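# Understanding the architecture of this molecule
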Amino acid sequence: MGLAILLGVFAVGVVIGLPVAFAMGIAAATAFWFEGFPMLITFQRAMAGVTVFSLLAIPFFVFAGEIMLHGGIAVRLVRFASALVGHIRGGLAMVNIFSSMLFGGISGSAIADISALGSLLVPVMKERGYRPEYAVNVTVTSSIAGIVIPPSHNMIIFAVAAGGGISVSSLFLAGVIPGILMCLCLAVAAYILAVKHKYPSEPFPGGAELARTALDALPGLVTAVIIVGGTLSGVFTVTESGAFGAIYALLLTTFFYRSLNWKGFVTAVVSSVRTTVMVMILIAFASSFAYLLALYQVPAKLSDLLVSISENRYVILLMINVILLLLGMIMDMAALILICTPIFLPIVTGLGMAPEHFGIMLLINLGLGLCTPPVGTCLFVGCAVGKVKIEDSVRTIWPFYLAILAALLLVTYVPGFSMWLPGLF
């Protein structure tokens, strides 16, 4: 009955439009009250969820990404990508995907990727004869590279949700190859559609221009090297890497590129504070919610249910992926990481899957949910930026869904994609 109350109150809160964080908090408080626990426990568990040192890295990661967004780094990355891959058929689509891979590796945010690259590339793609929905679909689906390619604050959330026993450095390494693989799958889908619709390619600017744009973009790419390299080398902790990355991004855009003005700085600070507050509130109440899920033995019961359907490892992983895909269509990504990790992690580790491997599978899966209605945040933002109706985009986005699903299945069933680099280091 307590579990039914917990899930029921949460479902009602989501249906009536409450923010997911508050729906979880109210559901947890109601369940604690039903079980006869002091109400103070709800807030004790919430505070325990956010008093984790590694969470300090999140505001630094977010701030570094916002500085990059408002400091002109995206423009330089687009120029470099255009010189490198723009001459391929459907060149601007390739530029879009490759830019997302680079910018996502710096900002770690899908929304920042769409806001920065979408506003630059979608209008140009329309002018060159690309269908508006095609331009939006490429932008939306490639944006989730920032979730998988490090540094990503969602990896820190996963590490915290997993109980803190997972190295963030290992997660960073595990996400590199799957993120590149996903972008390659999207590039194949974009190329096939470009050939079908006879989209143009851009002229190759020559080796000198390619070298010039690469040198211009290189200082921006060093931000990712500082954050990821500092963590992997052991020179910095994750939090220190995020802090040094944010300082470097601020100095780079202010004094080297001189492209960050006061208005852009204020906007970056306000956006960072808003995002950080939302994430921390979500983590806090999700901690209380997850405590009750463990109290009601939900992971063990769900594991028994899945095993009763099939004992085949591959079938169980497929069922977990389907469940995550369905949940990703109706809930926010950060909330699902916090809820689903304590439930599914014991199941997959019992099947012999490494926690880092599951983390990357989870991020790709839930990243796809950001591109699907009815709660596809990236889809909504992309359609708003590209001035395209959501229904028009959804009707033509399925080849890109298939590309991401192909990458997801490869990552799920071939551990080497995720675990080769962590094993190497």
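Here, the structure is the one placed above.
Described below are features of the structure shown in this document. If you're wondering where the values come from, they're calculated on a predicted model, not measured in any experiment. (Residues numbered from 1 in each chain as written. Predicted model: local features only at pLDDT ≥ 70, side-chain atom pairs only at ≥ 80, totals over all residues. Heavy atoms only, no water.)

## Digging into the packing of helix 15 (residues 298-309) against helix 16 (residues 313-328)
- Two elements in contact, helix 15 and helix 16, have axes whose closest approach is 10 Å; the angle formed by their N-to-C orientations is 125 degrees. Looking at the two axes, helix 15 sits oblique to helix 16. Helix 15 and helix 16 meet at a crossing whose hand is right-handed. Taken together, the residues of helix 16 that come into contact with helix 15 (itself represented by L306, V307 and I309) are I316, M319, I320 and I323.
- Its residues assigned to classes, the contact of helix 15 with helix 16 comprises seven nonpolar, no polar and no charged. (Axes fitted to C-alpha atoms, helices over the stretch in contact; angles between N-to-C directions. Helix = DSSP H or I, 4+ residues; strand = E, 2+ residues; numbered from the N terminus. Parallel < 35°, antiparallel > 145°, perpendicular 65-115°, else oblique. Left-handed = near helix turned anticlockwise from the far one by under 90°. Contact = heavy atoms within 4.5 Å. Nonpolar A, V, L, I, M, F, W, Y, C, P; charged D, E, K, R; others polar.)

## Regarding the nonpolar core
- Ranked by internal contacts, the top residues of the largest apolar core, which has 141 residues, are F10, M24, F103, Y134, I320, F358 and F400.
- Discounting residues that sit within four places of it in the chain, F10 has contacts with V20, A23, M24, A27, F289, M331 and I339. (Core = buried A, V, L, I, M, F, W, Y, C linked by side-chain atoms within 4.5 Å. Buried < 20%, exposed > 50% of the residue type's maximum accessible area, 1.4 Å probe, protein only.)

## A closer look at the layout of surface pockets
- Reported here for the largest pocket is a volume of approximately 1100 Å³.
- Lining the largest pocket we find 39 residues, and of these I111, T275, M278, V279 and D332 sit closest to its centre.
- Mapped onto the lining of the largest pocket, the elements with two or more residues apiece are helix 2 (20-35), helix 4 (57-70), helix 7 (110-127), helix 10 (153-161), helix 14 (262-295) and helix 17 (333-350).
- Size it by volume and the second largest pocket reaches roughly 410 Å³.
- Looking at the second largest pocket, it is lined by 19 residues, and the ones nearest its centre are L7, F10, L327, M331 and I339.
- At the level of secondary structure, the elements contributing two or more residues to the lining of the second largest pocket comprise helix 1 (2-15), helix 14, helix 15, helix 16 and helix 17.
- Element by element, the count of residues in the lining of the second largest pocket is highest for helix 1, at six residues.
- Counted by class, the lining of the second largest pocket contains 19 nonpolar, no polar and no charged residues. (1 Å grid on protein atoms, 1.4 Å probe; cavity = no way out; pocket = protein on both sides within 12 Å on 5 of 7 lines; lining within 4 Å. Points joined across faces, edges and corners; volume = space filled by probe spheres on them.)

## Some thoughts on helix 19 (residues 377-386)
- When we look at burial in helix 19, the residues that qualify are C378, L379, G382, C383 and G386. All buried residues of helix 19 project into a common sector of 125 degrees when viewed along the axis, lining one side.
- On its buried face, helix 19 is in contact with helix 7, helix 8 (132-142) and helix 20 (390-396).
- Once helix 19 finishes, K387 follows within two positions and takes phi at roughly 55 degrees, a positive value. (Arc of directions from axis to C-beta.)

## Topic: helix 14
- Taking 1.5 Å per residue, 34 residues should reach 50 Å; helix 14 reaches 50 Å between its end C-alpha atoms and fits that length.
- Two residues or fewer past helix 14, Q297 is found with a positive phi of approximately 60 degrees. (Expected span 1.5 Å × (residues − 1).)

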